Amino acid sequence: MRHLSLILCALYGFMAPFTGFCEDRPVISSATQQCLDCHGTYHPGIVEDWKKSRHAVMTPEKAMAAATLSRKVSSTSIPDAAKSVVVGCAECHTQRPKSHADTFSHNGFDVHVVVSPEDCAVCHSQERDQYGGNIMAHAWKNLAENKIYQDLKQSIIGNPIRKSGKLAFDPPDALTNAETCFYCHGTRLTVTGFEKRDTDAGELEFPIIDGWPNQGVGRINLDGSKGACTACHNRHGFSMETARKPYTCKECHSGPDVPAYKVYEASKHGNIAASKQSSWDFQAVPWTVGRDFTAPTCATCHISLLTNTDGEVVVQRTHQMNDRLSTRIFGLIYAHRQPKNPDTTLIRNSAGLGLPTDFDGTPASQYLIDDTEFNKRQKTLQAVCLACHSLSWVKGHWQRFDHTIQTTNAATRTATDIMRDIWKKGYASGPDRGASPFDESIEKKWSAIWLFDANNSRFASAMAGGGDYGVFAEGRYALSTRVAELNEWLMLKGKKE
Amino acid sequence: MRHLSLILCALYGFMAPFTGFCEDRPVISSATQQCLDCHGTYHPGIVEDWKKSRHAVMTPEKAMAAATLSRKVSSTSIPDAAKSVVVGCAECHTQRPKSHADTFSHNGFDVHVVVSPEDCAVCHSQERDQYGGNIMAHAWKNLAENKIYQDLKQSIIGNPIRKSGKLAFDPPDALTNAETCFYCHGTRLTVTGFEKRDTDAGELEFPIIDGWPNQGVGRINLDGSKGACTACHNRHGFSMETARKPYTCKECHSGPDVPAYKVYEASKHGNIAASKQSSWDFQAVPWTVGRDFTAPTCATCHISLLTNTDGEVVVQRTHQMNDRLSTRIFGLIYAHRQPKNPDTTLIRNSAGLGLPTDFDGTPASQYLIDDTEFNKRQKTLQAVCLACHSLSWVKGHWQRFDHTIQTTNAATRTATDIMRDIWKKGYASGPDRGASPFDESIEKKWSAIWLFDANNSRFASAMAGGGDYGVFAEGRYALSTRVAELNEWLMLKGKKE
Amino acid sequence: MRHLSLILCALYGFMAPFTGFCEDRPVISSATQQCLDCHGTYHPGIVEDWKKSRHAVMTPEKAMAAATLSRKVSSTSIPDAAKSVVVGCAECHTQRPKSHADTFSHNGFDVHVVVSPEDCAVCHSQERDQYGGNIMAHAWKNLAENKIYQDLKQSIIGNPIRKSGKLAFDPPDALTNAETCFYCHGTRLTVTGFEKRDTDAGELEFPIIDGWPNQGVGRINLDGSKGACTACHNRHGFSMETARKPYTCKECHSGPDVPAYKVYEASKHGNIAASKQSSWDFQAVPWTVGRDFTAPTCATCHISLLTNTDGEVVVQRTHQMNDRLSTRIFGLIYAHRQPKNPDTTLIRNSAGLGLPTDFDGTPASQYLIDDTEFNKRQKTLQAVCLACHSLSWVKGHWQRFDHTIQTTNAATRTATDIMRDIWKKGYASGPDRGASPFDESIEKKWSAIWLFDANNSRFASAMAGGGDYGVFAEGRYALSTRVAELNEWLMLKGKKE
């Protein structure tokens, strides 16, 4: 295809707008050119990926000239030096050198390894601002500084050891943390020193960065900022196409704890996308429903700016993804309204625990969004549904989803009541005795009920992937089985007494 | 690619046959045009999807002129009014208005929401007829009116409650039913009333439809007909390409209870399809083996009209998919010959239960196909295999599959004998005490053995996806483990007595 | 696209190099032409697939003329008769007729059914040699002639039976073996006789081959050779594109015992590949990092010849895949260094068992690679990483992986110590009583810990797919749960005594 385009492009100059191969040569800064000269040989993967990117052919100045809905650059003022050259190595890796703890002298340049959202904000300030209000930006702290999550984490990734016959879990070490939970949540980066290395280009000095590599959504960067744009906009192509395809989200949303990708894949939407996406336009901004694509991906519903074929806005773009989310259906014991503040360490339930509900399901309402906000968010998301479905279709769908939130919470309540009886009777050591509610074998059965099964049932409902997947693959069958096993375990213990 | 085609098409008129973009303008009925005028703005997803469809550019008259093997329209007589215009909104949604309970007056038209196979049959009568003989068309009744399935369903999707310490499952409610089992099996639609709504186009009246939305294969429609063509031919593109790709089938055939998609994906056929399908022709009718595709998808083996490169028919198209299926390998305790009648509620085993075998595996033979039919179906399917494989290859494959049906039935028999001992000894309450055989924790272990494990082993065998998937991902490892656990449970109970 | 190319090709002769459709007509041997004449009708799938292949258009002579790095044919001398014609049916299926036990007289030709690596070696001798040193080539014997694996196999795929209340597993029969473990490992083929068949072309005689069909990596062929090139280079297109895509590897590397594909799919690499591969060049030799692809597939890291954009070699091609593997992270109780010899039946641990470690994890070091070889292999693989990542990135990644090998081995040690206590106390019958360590329900829980859970944790670490997948989908959550259950079981037994 590329070869064909080149030929045709040579033949007919007028084809340029369709191929992009005959445009003016991009202006590369001399700093970036120096980077490319060596790294083209050492890191062809990085350099070639970038060369294929929009960053490599487009100056911010040109990008700013686009019509409002087509603009990909949200900043209204960009420094002149950055404006007139394409966005190359130096434009990002030498940005704001004094702010980055990993800045080091490299062939005459003050380079830093880890590019942060603050660097990207030179051109994409609105996205940085929105993302900061997103719960994802706070993912490191929300996990690392919540005692009850730390406890859950230890019982899952801590190494199992036996202490006088009893099983316990060691506190997880930094390396394990970094490749498991914080792989997605983001690590906290720190510079622990600098080292000299013999390289093909002579002796050079580099920073040593603890927690590196990482591209988690809530990474604590070396300039103190939060988040990694590269979690979704992967280096060094920063391809909109990739970010809009569901594979990106899958990296962190595929396990049974947050099965968005799997449910999507099993839904009608996922079916159509798998079958038809090669004919869709994943580059178009704005993204026109029906014309550019005929079924939604994750980005369609949760992030992208959508218009109808008359050019009217269906929904505005947002990088604060909870703008379109009313209920938090995963990760906690009970589904509940979205938190008001993206820093969820502020939340306390009536028992003083860092949970958005009590063990009986009562929500910690003052920390959660109110009716107005709830309805606003639901309506925003439903606007997307309505671009392809009639109102009666959409109402029917949401009625089921609301109902499933209730029934899965009720099922979780049944399971939790059984678990609390187990704790009360001392068959397992729970929070009432100051022990972890997560580390014993029977407690793990209980946690799987809400963390996996109730949760899968809700996702399947939310995304209409409910059929076979939500009943048998994950969700209902597992839920009913585990609750039955949990109760059998309690009854058996009771008999023995 | 689309832009490129347009340009080239303008340049060389002769390219029209290859692109379809330079054909005569399609004739759209004035009724459809009125629909499009508003809904293009309100529902761009629907309208644009349709615009890309064959329905939007082809009149039935032209479609009927195709050579026999290439015809996509099977009806031999089509009313003149429908014949000469493309198949648009009005052609389907105002078809047979008096037959549909959801017909409502809408801007001067008698419109119905739910299009049924009877509407599609105006042009596709043979497909309607065949599909009516398909077990799928009866999927609603086969589940809803079989007591033992209702019982199984309740134990899976019913909400768990505790009654004096014992666990029970509530009968599933309508909303849960609709988004789980009947999502695939189809809901029974009913009009419960009409409501007025304020819309952007003023106040309008719409029907309220219970069970909507739904696209399940056995949906009971508002004209009393059975089935939803849109289960596979998704709205509003009705793309043959999509129906022929395996993602369509995945929606209802992905869980461990009927793992067709997963096994396919892990098979050599699935590997080749994933790697090569972008170069295949999914639009060609007839579908020529080797030329249009080089490995089968689900549709290839089970539905499509196939020819060899000499234009000779390999197999005729069928929408009664069991035409090519001899053994029913899933969903019931034992694999058994396909039922004679697609209405499986007629079946009774020797104990009078609505099951095709006894608990010891003896088939209810009078309800199942005989040798002649069995051999005929097997031969039809093998004709597909033989288009790409030698006879010795095909014989070797089927010998293994036949054998695996026997051995997995034997393993299920072992498990069921253990379960019957458990019931007999009263360690669980089974059908001999009038209780459900499915709702206790140990019964769920037993049902997983045949519903998931034996079944996965058979699918892996049937589709030569047996290697790693059928041993470790699902199937053999799980089967041997669960049978061992089942027996350990019985032995433990025995010891305690 | 194909039609378009044909047209354009007719218009402008100069386009030939880009499409391949206007080249000189390929020279087909008269023997192959005779095959094609009949089999084109009988087996269009085979013939058309071949017609689209490089084999069908390229003579070995031309292939040998390519520049060193671009050569796909490694043999330096090829017989004249084979050299000047394209590689058709006869060139492979009548090669070395006296060496193949399945050679039969077929319309005047001495044809054999099963083409072996020795046949392929006429042109691809280097690949045959390398593959012979690959552990995969020995996969049949490594499984079939290792007692402890046979024992594990019987406990998984053997049919479950009850003997006086106790559960046992029958030794697996040949047909079950062939479609499960040996589907991937390869069957041992034998000719058991010849049979006459009435065919559309009259009565013909064919060999009867036990173990056929099979394309397992360690298949024992009818000329005594080992392996099946078609395991990855699938018939009859032998497409490099297919072999380089991850779907090929998935066939045997998808289950929880060796989850390479699943982890890849959940990794950043897999995300990029899924999103971008349609624009990559899967045909290019050498394969240029960044230009031909922007993220690795399985083949990239483990097999292919890679160059940078300056044409410098990053890694040489190898078909001895363990050339780039230092640690064996799956299939055995503990992760350990790769074996020196691909015939792993030679290995003995200190207890004389055919295992590379003792039950406490101590490696059978004299059978495993030494430091020099270990470091060499690690460095070879890291050269691939370094083509796209900085040294600090690569070091950070490998540090985590090395650490995870240690911690998962430690977790397995905890589990194995519990299991050994269970055996010692006689709660289960283990190897100390001459019984299988794998066939009882509690032993299956133990084996799942290392065979699935520790193993998944390592794969997730190795391929940076660790996030959600390695914690919740498979790996850590399951590991901590199963170890807790194993210990609870032991404690419960202890209490009852």
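Residues numbered from 1 in each chain as written. Chains lettered and ligands numbered in written order. Predicted model: local features only at pLDDT ≥ 70, side-chain atom pairs only at ≥ 80, totals over all residues. Heavy atoms only, no water.

Draft legend 1. Representation of the state of the cysteines. As enumerated under the stated definition, the model contains three disulfides over all chains in all. Between the sulfur of Cys-184 of chain C and that of Cys-252 of chain C lies a disulfide, 2.4 Å long from S to S. Judged by the torsion about the S-S bond (-100 degrees), the Cys-184 of chain C/Cys-252 of chain C disulfide is left-handed. A residue pair is termed long-range when its members are at least 10 positions apart, and Cys-184 of chain C in helix H13 (residues 181–185) and Cys-252 of chain C in the loop between helix H15 (246–250) and helix H16 (260–266) qualify at 68 residues. Accessibility expressed as a relative area gives 10% for Cys-184 of chain C, which makes it buried. Looking at Cys-89 of chain B, it has no disulfide partner, and the nearest cysteine sulfur is the one in Cys-35 of chain B, 4.4 Å off. As a non-bridged cysteine, Cys-92 of chain C has Cys-120 of chain C as the owner of its nearest cysteine sulfur, 6.3 Å distant. Residue classification places Cys-92 of chain C among the partly exposed positions, given a relative accessible area of 22%. (Disulfide = S-S within 2.5 Å. Helix = DSSP H or I, 4+ residues; strand = E, 2+ residues; numbered from the N terminus. Buried < 20%, exposed > 50% of the residue type's maximum accessible area, 1.4 Å probe, protein only.)

Draft legend 2. Examining the interface of chain B and chain A more closely. Taken together, the contact between chain B and chain A spans 71 residues of the former and 68 residues of the latter. With both chains or domains summed, chain B and chain A bury close to 6,100 Å², and 57% of this area falls on carbon and sulfur atoms. Considering only the surface of chain B that becomes buried against chain A, Arg-162, Leu-175 and Glu-179 of chain B emerge as the three largest contributors, covering 11% of it. Taken together, chain B and chain A are joined by six salt bridges. For Glu-251 of chain B, the salt bridge goes to Lys-268 of chain A, with nearest N and O atoms at 3.2 Å. Inspection of the chain B/chain A interface yields 38 residue pairs in polar contact (both at pLDDT 80 or more). Element by element, the count of residues in the side of chain B that touches chain A is highest for helix H21 (residues 441–462) of chain B, at six residues. (Contact = heavy atoms within 4.5 Å. Buried area = accessible area lost by both parts, 1.4 Å probe. Salt bridge = Lys/Arg side-chain N within 4 Å of Asp/Glu carboxyl O. Polar contact = N/O pair within 3.5 Å; in protein donor to acceptor, adjacent residues only side chain to side chain.)

Draft legend 3. Just the relation of the copies chain C and chain A, in detail. When chain C is fitted onto chain A, the two copies agree to an RMSD of 0.0 Å after a turn of 120 degrees and an axial shift of 0.0 Å. One copy is carried onto the other by what is essentially a three-fold rotation axis. Among all residues of chain C, the one whose C-alpha sits closest to the rotation axis is Ser-278 of chain C, at a distance of 4.8 Å. Residue by residue, only 3% of the interface of chain C is reproduced at the interface of chain A, so the copies engage with different surfaces. (Least-squares fit on C-alpha atoms with pLDDT ≥ 70 in both.)

Draft legend 4. Seen up close, H21 of chain B. All names here are of chain B. With 22 residues, H21 extends 31 Å from end C-alpha to end C-alpha; this agrees with the ideal 32 Å at 1.5 Å per step. Along H21, the sharpest change in direction is near 35 degrees and occurs at Ile-449. With respect to burial, H21 is a largely interior element, 20 of its 22 residues being buried. Positive backbone phi, at 55 degrees, marks Ala-464, one or two positions downstream of H21. (Expected span 1.5 Å × (residues − 1). Bend = angle between axes of the 7 residues up to and from the residue.)

Draft legend 5. Region of interest: the pattern of salt bridges. For the structure on display, the rule yields 64 salt bridges over all chains. Between Arg-128 of chain C and Glu-118 of chain C there is a salt bridge, with its nearest N and O atoms 2.8 Å apart. Here Arg-128 of chain C, found in helix H9 (residues 125–132), pairs with Glu-118 of chain C, found in helix H8 (residues 117–120); they are 10 residues apart in sequence, far enough to count as distant. Because the salt bridges share partners, they merge into one network encompassing Arg-96, Asp-119 and Asp-223 of chain A.

Draft legend 6. How the structure looks around the pairing of strand S5 (residues 190–199) of chain B. Residues and elements named next belong to chain B. Relative to strand S6 (residues 202–210), S5 runs antiparallel, the two sharing nine bridges. When the sheet's bridge partners are listed, Phe-194 is paired in S6 with Pro-207. Linkage of S5 to S6, two consecutive antiparallel strands, is achieved through a turn of two residues. (Pairing = 2+ DSSP bridges.)

Draft legend 7. Geometry of the relation of the copies chain B and chain A. Aligned on chain A, chain B shows an RMSD of 0.0 Å; the corresponding rotation is 120 degrees and the shift along the axis is 0.0 Å. Different-surface contact between copies: only 3% of interface residues of chain B are shared with the interface of chain A.

Draft legend 8. Region of the structure containing the sheet that holds strand S9 (residues 313–315) of chain A. Residue and element names in this part refer to chain A. Across the sheet, three strands lie side by side as S7-S8-S9; this open sheet has mixed pairing. Of all strands in the sheet, those with a lone pairing partner are strand S7 (287–288) and S9, marking the two edges. Pairing of S7 with strand S8 (residues 306–307), which is carried by two bridges, proceeds in the parallel orientation. Looking across to S8, one finds that Thr-288 is bridged to Thr-307. Helix H19 (residues 371–386) contacts S8 and S9 of the sheet and is inclined by roughly 125 degrees relative to S9. (Axes fitted to C-alpha atoms, helices over the stretch in contact; angles between N-to-C directions.)

Draft legend 9. Representation of the packing of helix H11 (residues 147–157) of chain A against helix H23 (residues 476–496) of chain C. Look at H11 of chain A against H23 of chain C: their axes get within 7 Å of each other, and the N-to-C directions meet at 75 degrees. Considering the angle they form, H11 of chain A stands roughly perpendicular to H23 of chain C. Along the contact surface, H11 of chain A presents Ser-155, Ile-156 and Ile-157 of chain A, while H23 of chain C presents Arg-476, Tyr-477 and Ser-480 of chain C. Along the lines of polarity and charge, the residues of the contact of H11 of chain A with H23 of chain C split into three nonpolar, two polar and one charged. (Parallel < 35°, antiparallel > 145°, perpendicular 65-115°, else oblique. Nonpolar A, V, L, I, M, F, W, Y, C, P; charged D, E, K, R; others polar.)

Draft legend 10. Inspection of the interface of chain C and chain A at higher detail. With 68 residues of chain C in contact, the opposing surface of chain A contributes 71 residues. Overall, the association of chain C and chain A removes approximately 6,000 Å² of surface from exposure, summing both partners, and the carbon and sulfur fraction of that is 56%. Among the residues of chain C in contact with chain A, Trp-393, Arg-400 and Tyr-477 of chain C are the three that bury the most area, contributing 13% of the side total. Where chain C touches chain A, the interface holds six salt bridges. Asp-421 of chain C is paired through a salt bridge with Arg-162 of chain A; the nearest N and O atoms lie 3.0 Å apart. The interface formed by chain C and chain A holds 38 residue pairs in polar contact (both at pLDDT 80 or more) in total. Per-element tally for the side of chain C that touches chain A: the top contributor is helix H20 (residues 391–424) of chain C, with 18 residues.

Draft legend 11. Seen up close, the packing of helix H20 (residues 391–424) of chain B against helix H23 (residues 476–496) of chain B. All names here are of chain B. It is at 9 Å that the axes of H20 and H23 come closest, and there the two elements cross at 20 degrees. Between H20 and H23, the angle is such that the two are roughly parallel. Regarding H20 and H23, the two cross each other, and that crossing is left-handed. Of H23, the residues touching H20 (which contributes Thr-404, Ala-411, Thr-414, Ala-415, Ile-418, Met-419, Asp-421 and Ile-422) are Arg-476, Leu-479, Val-483, Leu-486, Asn-487, Trp-489 and Leu-490. Its residues placed into classes, the contact of H20 with H23 shows 10 nonpolar, three polar and two charged. (Left-handed = near helix turned anticlockwise from the far one by under 90°.)

Draft legend 12. Looking closely at the sheet that holds strand S8 (residues 306–307) of chain C. All names here are of chain C. If you trace the three strands from one edge of the open sheet to the other, you get S7-S8-S9, paired in mixed fashion. The sheet terminates laterally at strand S7 (287–288) and strand S9 (313–315), the two strands that pair on one side only. The sheet contacts of helix H19 (residues 371–386) involve S8 and S9, and relative to S9 the element is tilted by about 125 degrees.

Draft legend 13. The arrangement of the packing of aromatic side chains in detail. If you walk through the whole model with that rule in mind, you get 54 aromatic pairs over all chains. With centroids separated by 6.1 Å and ring planes inclined at 15 degrees, the aromatic side chains of Phe-359 of chain C and Trp-446 of chain C adopt a geometry described as stacked. Of the two residues, Phe-359 of chain C sits in the loop between strand S11 (336–337) and H19 while Trp-446 of chain C sits in helix H21 (residues 441–462), which places them 87 residues apart along the sequence. Residue classification places Trp-446 of chain C among the buried positions, given a relative accessible area of 0%. An aromatic cluster of at least three residues, connected via ring pairs, comprises Phe-359, Trp-423, Phe-438, Trp-446 and Trp-450 of chain A. Of note, Arg-244 of chain A hangs over the ring of Trp-287 of chain A, and the distance from its end group to the ring centre comes to 4.0 Å. (Phe/Tyr/Trp six-rings, centres within 6.5 Å; stacked < 30°, edge-to-face > 60°. Lys NZ or Arg CZ within 6 Å of the ring centre and 35° of its normal.)

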